[in-house]
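Chain by chain, the residues:
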Amino acid sequence: MTTLMDKPSDALDHVSLKHARLPRWAPVLVLVIAFAASGLLALLLGWGPVAIVVVALLIYLVVLPTWSRVVENRRSAVDRFVTALVWVALGLAFVPLVSLLWTVIREGAPVLDAKFFTWSMRNIVGEKGGIYHAIIGTLLITACAAVISVPIGLLTAIYLVEYGAKSRMASSIRFLVDVMTGIPSIVAGLFAYALFVVFFGPGVHMGLGGGVALSLLMIPIVVRSSEEMLKLVPTDLREAAYALGVPKWKTIVKVVLPTALAGIITGVTLAIARVIGETAPLLIIAGSTDSTNFNLFKDQMMTLPVFIYYSYTQPGNHPEIARPMAWGAALVLILIVLVLNLLARVLGKIFAPKTGH
Amino acid sequence: MNRTSLRRIAAPSAAALALGFALSACGAGNETDNASSGSSDLSGKLDGSGSSAQESAMDAWRAGFQKANSGVTINYDPAGSGAGVEKFNAGGVDFAGSDAALDPEKGEVDAAKKRCGADAIEVPNYVSPIAVVFNVEGVDKLNLAPKTIAGIFAGKIKTWDDAAIKADNPDAKLPSTKIDPVHRSDESGTTKNFTDYLEKAGDGAWTYPADKVWPIKSGEGANQTSGMISAVGGGKGTVGYADLSQVGDLKAASIKVGDAWTPPSAEGAAKAVEASPLDDSRPEGDMAVKIDRTTTAAGAYPLMLTSYLIACPTYDDKAKAALVKGFLTYVISEEGQQEAADNAGSAPIPASFAEKAKTIVDSISAK
Amino acid sequence: MSTIEAKAGSPKRRLGDLVFANLTRAAGLTILLALAGVAVFLTIEGIPAFTAGPEDLKGASSFVVYVWPLLFGTLLAAALALAIAVPLAIGVALTVSHYAPRRIATLIGYLIDLLAAVPSVVYGLWGGLFLGPKLVPLYEWLADHLSFIPFFAGPASTTGRTILTASIVLAIMVLPIVTAISREIFAQTPRLNEEAALALGATRWEMIRLSVFPYARSGIVSAAMLGLGRALGETMAVAMVLSASGVVTFNLISSTNPSTIAANIALTFADATGIQVNALIASGLVLFVITFVVNFAARWIVSRSEVSV
C-alpha cells in the first residue's frame, strides 16, 4: 500500500473478482466440526441434546464468519454470518413443531382404541372413558357454523366481485372483513353469549351459540377465499353468457360459480379446518358435559377442544387417566385438522374445471 | 361442464350427510348399555357447581345416580366453593357444593334466601381431611406443628432447613431448598377451612381471618384443586394444601394435635367432626357445623373440611324438585356415603347428622 | 351492458336479478351488522361493570383498576411474543424467498402452514405439560446469573408456568402469520432491483439489505402488527400455560405472574356470576377495541403500501 507499485495490482485483484474464496464445502465442514466439538464437550460435561445443538450452532456462527474474514473479506464474512443466522432461524422455528407433534403422538397414540372413540365420559369414574360425546359436539357445532357461514360468506363474495365491485360499500366491507379476521376468538364467544343472554337469560348454554361464535370467525375466511376464486373466473365467460341473453344472476349461478367451485370448496374446507380447533368461544357458550348431546338448541355440548382443556385443567383425582386422554383427544383433533387440509387439496383437484373450456 | 361439476358435489355431500346421520343415530357405547339397566320415573338435567374438593365424591354420586336413573344427566362444575355458591344464588345452577357453610356476614345466607324464596337448605354431605402436601427431594415424612405451617404459608419460614421445621423433625435430613408455598388462586372452601385452621390453631403466627380468597398476594397461585396438585407435584420444594382424596402420589405431612403427630385420615376427620357442634344461629334447614379446630381428642385430625350441598326447599318445576330431592337423598344415604368413601376416601357423615339431613331433604317440594 | 340486459330481459328475469343482487347485498350487510353487533352487544352487557363496586370486581375499586393489570399482562405477553417471533419470522421468510432452493422453499411453506393449523388448545397442552417444565433449568440459570436485570429478578418458578413461557408459546403461534405475510412481501421485491444490486457486486445480504428491506419495510411492520393482534387475543395457550396471580410486574420468570384479558375471561367465565360476568364482558370489549385498532392500523398500512397480501 505504501508504494505506488502495489496499488494498481491490488485494485486489479478486486476488479477481476479473483480474490480468495472459501471452498464450496466449507459451511458443511464447519458444521460437522462444530457438532463434533460440541458433542465432545457434551461427553465431558454431560449435557443434554438441546445444549449440544445450541453450542454447535454458536460455534458454527462464530467459526465460519471468522474463517471467511481471514480468507475472504469483511463483506463476505457478514454475508456468511447472515446466511447462517437465517438458516438457524428456520431451524429454531421448526423445533417447536417437531417437538409438539412428537409429544402429542407419543403421549396420545397409546390411548387410541375403539372404546376411546365410541364411549362418552358418562358414569365413568376412575377409569378410561371415551371422547364420543366430544367428537359429536365438535362435528355438530362446526357443521352449524358452516351452515351459517358458507351462504353468508359466499353471497358476500359474489356481491364484492359481481355487484359491488368498486363501490364504497364494497370496499368498506372488504376492509372490515380483513379487520374481522383479527377478532380474538374469545371475543366471538363473549358476543355469542351476550347475544343469547338477551333471549334465554343468564347462564345460557347451547351448541347453537357455539355455531354462531365460530361462524363469526369463519365468515371472513370464506369471504376472502371465495372472493379470490371468483375474481379468477375469466370475464370472457361472463360476457359470453350475457351475449346469449342470460340474465346476470343466472350467469353467476350457472357459469361463474361452477367455474370457481373447486377453489371455493377448498377455501371452505380450509375455513372449517381453521375453526374446528377453536376452544375459547365454546368454553363460554357451549359449556361442558360428560354425556352425549345431539341437540344443538338445548343444554351443554361437549367439544374436543373443551374436552382437552378440562382434562388438562380439571383432571380430578385421576390425572394419570385424564392426562393421556387429553393428549389422545389432542392427537385426534390434530388428525381431523390435517385430514381437512388434505381434503381441501383433494377436493380442489376433483372439482377443478376441466381444461380447455 | 357446469352441470356435471355441480352434480359432482352432490355425491360427496350426500355421503357426508349420511355419515353424520349414521353417527348421530346411535349414542355412545357406554350410554346405550346403561339405558336398558336403569329405569325410573326421574328424567331431566341438573346443573351443579362448587367445591372442587368433593369432585371425586361427586363423580361417584353422579355416576351412581345416573346408572340408577338412565334418563337423568347431572352436570357438576368443580369451579370452587365460592363460584358454586355465587352461581347458585344467582340462579345459574340447581344446587351447589360448598366446603364452607353459607356465610351470613357476607350476605350469602340472605342471597340464597332471595334466590329460593325461602331459607335455603344446607346439608353436610362430605367430610374429608385436608392434607398439607409437599414435594421436597429426599424427604418422605414430615411433621409440622400448626404454628410452623402458618409460618411457612405466611412467608416467614423461607427454607426447608429452617429451625422451626427442624424442631418439628429432629431426625429428618432437610435440604436448604427454598420453600415454594402454593395457594389456590380461585375462591375455595378448602382455602377457607385451611386459613380457619391456621388462624385458630396457628398460635398467633397467622394474622389473617379465615376466607375463601387467599389473603396474601405472593407465592404461586393454582387454579382449583387439580391445579394445586399439579403445581406442587411439578415443582421443587413446593408445599400446598388439598383435599386428601385428590392428593394422589404426593406426600402429606402429619400435623400436631395435642401432643401427638397425626397423619391425615378419614377416621381422624370423622372424629374431629363428631367433636364439633351444629351452629344454632342458623335457620331450620341449615346444618352448618362449627368445627373445633383446637380439639385435642385422640386420633382427631382437625384440619378437615365439611362440605355441604346447598339447594332450595322448593322449585318451580315439579320434575326439577323431584330430581334434586332424589339426588340429595341418594348422596346422604348410607349407600351414597359408602360410594364416596370408596372413591374419594372421605369419611361418612356421622349417623346423627345423616338422620337430620334426611328429614330436611325429604321436605323438598315443587311450588 | 346494463342497457342491453334491461332491454333483452323480460320483467320476470329482471325480478330474478333484483332478488339475487339484493340477496348478496344483504349478506354483505349482515357482516357489517355482525361486526357492529359485536361492539353493541358487548357494550350493552359490559356497561353495568363500569359502575360496579369492589365487591363485584374481585376487590378492585373500579373497572379501570380491575382491567389495568390484565391489560398490562396482555400487552407484556404480546410484546414479548413479538420480540421473539418477528426476527425468527423474518429469518424464515428470507429463507423461503431468497435462500432456499425452490423445492425446499415449498416444503418449508407447507410446514409453516402446519404450524398454523395446530389448534391453540394443543399448544396450551404442550406448553403447560411439556415446554414449561423443560424451561425450568433455564429460568433457574437466569435467576442465578442475571438477576440484576429486572426481567430475570426471580426467584425462578419451579413449574415453568411463567409469562415468559406463555410468550414463547404465543411467539410460536404468531410465527406463521408473520412469516406468511413477510414472505409474500419479500417475494414481491422487483426483480430488477435485486439483480441491479447483485450486478454491482453486492453480496446476497447486501442485496437484501439494500433492495429487499427498504421495499418491504411497511409490509414487515403490518405483518408484525397482525401478529400483535393475534397475540393480544390468543386465549387458550396463555390460560393453560400461565400461573396467573394478576399482579403488575416485569419479572418474567417467577411464579407470580400477571394475567391477560383473554386468559382471565377463559379461566373465570365459567365461575362468574352477576356483575362479574358483565365485568368480564367489558374487559372483552376492551380487548376487542384494542385488537380492532391494531388490525385496522395494520390493514391500513397494507392497503396504503399497495402490496396486495
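Residues numbered from 1 in each chain as written. Chains lettered and ligands numbered in written order. Predicted model: local features only at pLDDT ≥ 70, side-chain atom pairs only at ≥ 80, totals over all residues. Heavy atoms only, no water.

Enquirer: What's the story with the domain arrangement of chain A in this structure? I'm lost.
Expert: Many structure descriptions define interface size as the accessible area lost when the parts assemble. Residue and element names in this part refer to chain A. With domains assigned, chain A is organised as domain 1 (22–110) and domain 2 (118–350). On a C-alpha basis, the centroid separation for the pair domain 1 and domain 2 is 41 Å. With eight residues of domain 1 in contact, the opposing surface of domain 2 contributes six residues. Between domain 1 and domain 2, a total of about 550 Å² is buried, with carbon and sulfur atoms accounting for 85% of that surface. Across the contact surface, domain 1 and domain 2 share zero salt bridges. At the junction of domain 1 and domain 2, the tally comes to zero residue pairs in polar contact (both at pLDDT 80 or more). Split into classes, the residues belonging to the side of domain 1 that touches domain 2 amount to five nonpolar, two polar and one charged. (Domains from an automatic or database assignment. Contact = heavy atoms within 4.5 Å. Buried area = accessible area lost by both parts, 1.4 Å probe. Salt bridge = Lys/Arg side-chain N within 4 Å of Asp/Glu carboxyl O. Polar contact = N/O pair within 3.5 Å; in protein donor to acceptor, adjacent residues only side chain to side chain. Nonpolar A, V, L, I, M, F, W, Y, C, P; charged D, E, K, R; others polar.)

Enquirer: Could you clarify how one ought to interpret the side chain of Ser49 of chain B in this entry?
Expert: All names here are of chain B. Looking at where Ser49 falls in the secondary structure, it is placed in strand 1 (residues 44–50). Ser49 sits in the buried class, given a relative accessible area of 1%. Discounting chain neighbours no more than four positions away, the residues touching Ser49 are Tyr76, Asp77, Ala79, Gly84, Lys87, Val93, Phe95, Ala96 and Gly97. (Helix = DSSP H or I, 4+ residues; strand = E, 2+ residues; numbered from the N terminus. Buried < 20%, exposed > 50% of the residue type's maximum accessible area, 1.4 Å probe, protein only.)

Enquirer: I would appreciate a short explanation of the environment of Thr118 of chain A in the present structure.
Expert: The topology assignment puts Thr118 of chain A in helix 5 (residues 114–118). Taking relative accessible area as the criterion, Thr118 of chain A reaches 37% and is therefore assigned partly exposed. The spacing of Thr118 of chain A and Tyr132 of chain A is 14 residues in sequence and 5.1 Å in space, taken between C-alpha atoms. Once residues lying within four places of it in the same chain are set aside, the contact partners of Thr118 of chain A are Tyr132 of chain A together with Ala28, Gly29 and Asn30 of chain B. A distance of 2.9 Å separates a polar atom in the side chain of Thr118 of chain A from the backbone oxygen of Ala114 of chain A.

Enquirer: Please clarify how the interface of chain B and chain C should be interpreted in this entry.
Expert: With 22 residues of chain B at the contact, the number on the chain C side is 20 residues. When chain B packs against chain C, close to 1,400 Å² is buried across both sides, 39% of that on carbon and sulfur atoms. Connecting chain B to chain C are one salt bridge. Among the salt bridges present, the one from Lys236 of chain B reaches Glu140 of chain C, with a minimum N-O distance of 4.0 Å. Elements supplying a minimum of two residues to the side of chain B that touches chain C: helix 4 (81–89), strand 7 (220–222) and helix 9 (224–234) of chain B. Its residues assigned to classes, the side of chain B that touches chain C shows four nonpolar, nine polar and nine charged.

Enquirer: Is there a simple way to think about the state of the cysteines in this case?
Expert: A covalent bond between the sulfur atoms of two cysteines is referred to as a disulfide. Residues and elements named next belong to chain B. Evaluation of the coordinates by the stated rule reveals one disulfide over all chains. Between the sulfur atoms of Cys116 and its disulfide mate Cys312 the distance is 1.9 Å. Negative torsions about the S-S bond denote left-handed disulfides, and the value of about -75 degrees found for Cys116 with Cys312 makes this one left-handed. Of this pair, Cys116 sits in helix 5 (residues 108–116) while Cys312 sits in the loop between strand 12 (304–311) and strand 13 (314–315), and the two are 196 residues apart along the sequence. Note on Cys312: relative accessible area 1%, which makes it buried. (Disulfide = S-S within 2.5 Å.)

Enquirer: What should I look at first to understand unusual backbone geometry in this one?
Expert: Not every positive phi belongs to a glycine, and Asn123 of chain A is a case in point at roughly 60 degrees. Within the secondary structure, Asn123 of chain A sits in the loop between helix 5 and helix 6 (132–164). Non-glycine residue Asp203 of chain B carries a positive phi angle of around 60 degrees. By the element assignment, Asp203 of chain B lies in the loop between helix 8 (189–201) and strand 7. Owing to a relative accessible area of 59%, Asp203 of chain B belongs among the exposed residues under this scheme.

Enquirer: Quick question: what am I supposed to make of the environment of Gly164 of chain A here?
Expert: Residues and elements named next belong to chain A. You can see Gly164 is positioned in helix 6. Residue classification places Gly164 among the buried residues on the basis of a relative accessible area of 6%. Contact partners of Gly164, with chain neighbours within four places excluded, come to Tyr159 and Ala170.

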